[in-house]
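# Coordinate analysis (summary)
So the chains spell out like this:
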Amino acid sequence: MTQQSAPPAEDRTRLSRGLARELFTVKWDPLPKMSRPRWLAWLPHVVLCYVAIPCGVLTGMQLNDHYKVYGGAVLGLSLLTSASVVLSMFRPIAAWWLGLVTTALIAWVLHDHVGHGQSWPWTPAGPFTLAPVILMVALRVPPRVTVSVIGITLALNGLADITLRPPQSQTIIGGVALLFGFVGILGYALRATRLARTKLVEQETLTEEERARRTLLEERSRIARELHDVVAHHMSVISIQAQVAPHLVENPSEELKENLAGIRENALEALTELRRVLGVLRSERPDDPATRQHPQPTLAELDGLVDNVRGAGLNVTTEIAGIRRPLTPGVELTAYRIVQEALSNALRHAPGSRVEVGIAYGPRDLHLCVANTAPTRSAPPSPGAGHGLLGMRERAGMLGGELAAGPRPDGGYEVSAVLPLDPQELSAVPDPETKRAT
């Protein structure tokens, strides 16, 4: 059974009520500041305050000079005219109503002072003093409200012309309609441009966040593919050792054989699952060179990496402190990749600079530092995605380490990392995302 839509009469009633609420509101709706340049953010507000002064002065001058109206009423009407312009910065609909009331009071004061050929109910400058208020309305309300505001203003003007206009006066409703129509269209165009720019900024922000999220997932996938070979190697060794162990013991018991067989079976199952997961990861980007199976690099190959970078024209020096020793495969791979990415960034963004690579073997941590001096020439445009630091931080965080990167006082750049030498101890620490999800 399909749901029936509301009758047209109910829709019109609902729209009319919504329009009435928007026309009879005094809600706070401040004029937006300029986004660029920042030092001109309050320029529209300053300009509007300056416009309010001549609007009030012009109203008083025309009441005195053209219509010969004097007294305290002139000062009050001038102040109300300026107040409506200033109020439009914060409450545009209320300012429009104040402008209409001020216009009606001016027309009432002028009624007995209108000479032959003089305009009524507007003074010659009256439409121009209300135009800034209508512009502020059009900048912040929907188009249908702007049309209603202009329509009500012109309708009241026409009604006054028909019923109350002095016989010797002149009507200027045609010029008023043209002026207010132009102001309304201008305000609508500026409002549409502002809304489009706001939505564009929001979309760019969402796109950048999505790009960073996608890059993070791709980097995690690449790390998983690289670590697969490390984990698979250990699982294969466990399986082989469990298979060979019974033959190294004279008269092994059946219980020992069963336990070793279970170890080998579990190792083979884990290795099968690893290969299945790796197959899923590689199937997403089968042509990516990073998905090819090959031995993962370690710090033992650091000299070859540095020689390649030197061959590309970069002056690189290395310094190793502490006792150089083999580390766990994950730490070796992570340290190598961080140094490799830092050298690539220096080669790409700091041509002609001198690079220092420092590695310190501590009792519990491995310290890495890759620092370059200021470039001697401008760097060419880079085709890279600009997410190398994201990948390095992800690798360091995977082991429970820390990575910091930033410019140096001499104009160079530095990347430093601290990696724990025994990351297995971190297995009991919950993942931040998992902890937050629970």
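Everything quoted here is computed from the prediction, not taken from an experiment. (Residues numbered from 1 in each chain as written. Predicted model: local features only at pLDDT ≥ 70, side-chain atom pairs only at ≥ 80, totals over all residues. Heavy atoms only, no water.)

Attention shifts here to the overall build of the protein chain. Per the secondary structure count, the protein chain includes twelve helices and five strands. Out of the 438 residues in the protein chain, the part that is buried amounts to 37%. Surface accessibility of the protein chain: about 26300 Å² in total, with carbon and sulfur atoms responsible for 61%. (Helix = DSSP H or I, 4+ residues; strand = E, 2+ residues; numbered from the N terminus. Buried < 20%, exposed > 50% of the residue type's maximum accessible area, 1.4 Å probe, protein only. Areas by Shrake-Rupley, 256 points an atom, 1.4 Å probe, with all protein chains shown as cover.)

A cis amide bond links W120 with the next residue in sequence, P121, at an omega value of 5°. Topologically, P121 is positioned in the loop between α4 (92-110) and α5 (126-140). Of note in this structure, K68 is not a glycine but carries a positive phi near 55°. Here K68 lies in the loop between α2 (43-65) and α3 (72-87).

Bringing the pattern of salt bridges into the picture now. Under the criterion given, the structure shown has three salt bridges. Here D307 makes a salt bridge to R310, at a shortest N to O gap of 3.5 Å. Taken together, the residues D307 and R310, both in helix α9 (residues 302-311) and three residues apart, mark about one turn of the helix. A residue is classified by how much of its surface remains accessible, and R310, at 39% relative accessible area, is partly exposed. Between R408 and E414 there is a salt bridge whose closest N-O contact spans 3.8 Å. (Salt bridge = Lys/Arg side-chain N within 4 Å of Asp/Glu carboxyl O.)

Right, let's get into the nonpolar core. The biggest cluster of nonpolar side chains holds 31 residues, and the ones touching the most others in it are L343, L366 and L368. Only α9, α10 (329-349), β2 (354-361), β3 (365-372), α11 (388-398) and β5 (413-420) provide two or more residues apiece to this core. Take this core: its biggest share by element is eight residues, from α10. Sequence-distant contacts of L368, that is, excluding residues within four places in its chain, are made with A335, I338, V339, G358, I359, V415, S416, A417 and L419. Core analysis: the second largest hydrophobic core is formed by 28 residues, L31, L100, W122 and I150 among them. (Core = buried A, V, L, I, M, F, W, Y, C linked by side-chain atoms within 4.5 Å. Contact = heavy atoms within 4.5 Å.)

With that settled, the discussion passes to the sheet that holds β3. Strand order in the open sheet made by the five strands is β1-β2-β3-β5-β4, with mixed pairing throughout. Because the sheet does not close on itself, it has two edges, and the strands there are β1 (315-321) and β4 (402-407). Strand-to-strand twist of the sheet, defined as the mean angle between neighbouring strand axes without regard to direction, takes the value 10°. Sheet analysis places β3 next to β5, joined by eight bridges and oriented antiparallel. Opposite L366, over in β5, you have L419 as the bridge partner. Strand contacts of α10: β1, β2, β3, β4 and β5, with the helix running at about 10° to β3, the strand carrying the most contacts. (Pairing = 2+ DSSP bridges. Axes fitted to C-alpha atoms, helices over the stretch in contact; angles between N-to-C directions.)

With that out of the way, let us pick up the packing of α3 against α5. For the pair α3 and α5, interaxial distance at closest approach is 8 Å and the crossing angle is 20°. Between α3 and α5, the angle is such that the two are roughly parallel. Viewed along their axes, α3 and α5 form a crossing whose handedness is left-handed. Within the contact between the two elements, α3 uses T81, S84 and V85 and α5 uses T129, P132 and V133. The residue inventory of the contact of α3 with α5, partitioned by class, reads three nonpolar, three polar and no charged. (Parallel < 35°, antiparallel > 145°, perpendicular 65-115°, else oblique. Left-handed = near helix turned anticlockwise from the far one by under 90°. Nonpolar A, V, L, I, M, F, W, Y, C, P; charged D, E, K, R; others polar.)

Relative to the assigned elements, D29 resides in the loop between α1 (8-23) and α2. Among buried charged residues, D29 stands out as having no salt bridge; its nearest opposite-charge side chain is R140, 4.1 Å away. Beyond its immediate sequence surroundings of up to four residues, D29 is in contact with M89, F90, P92 and R140. (Lys, Arg positive; Asp, Glu negative; His and termini not counted.)

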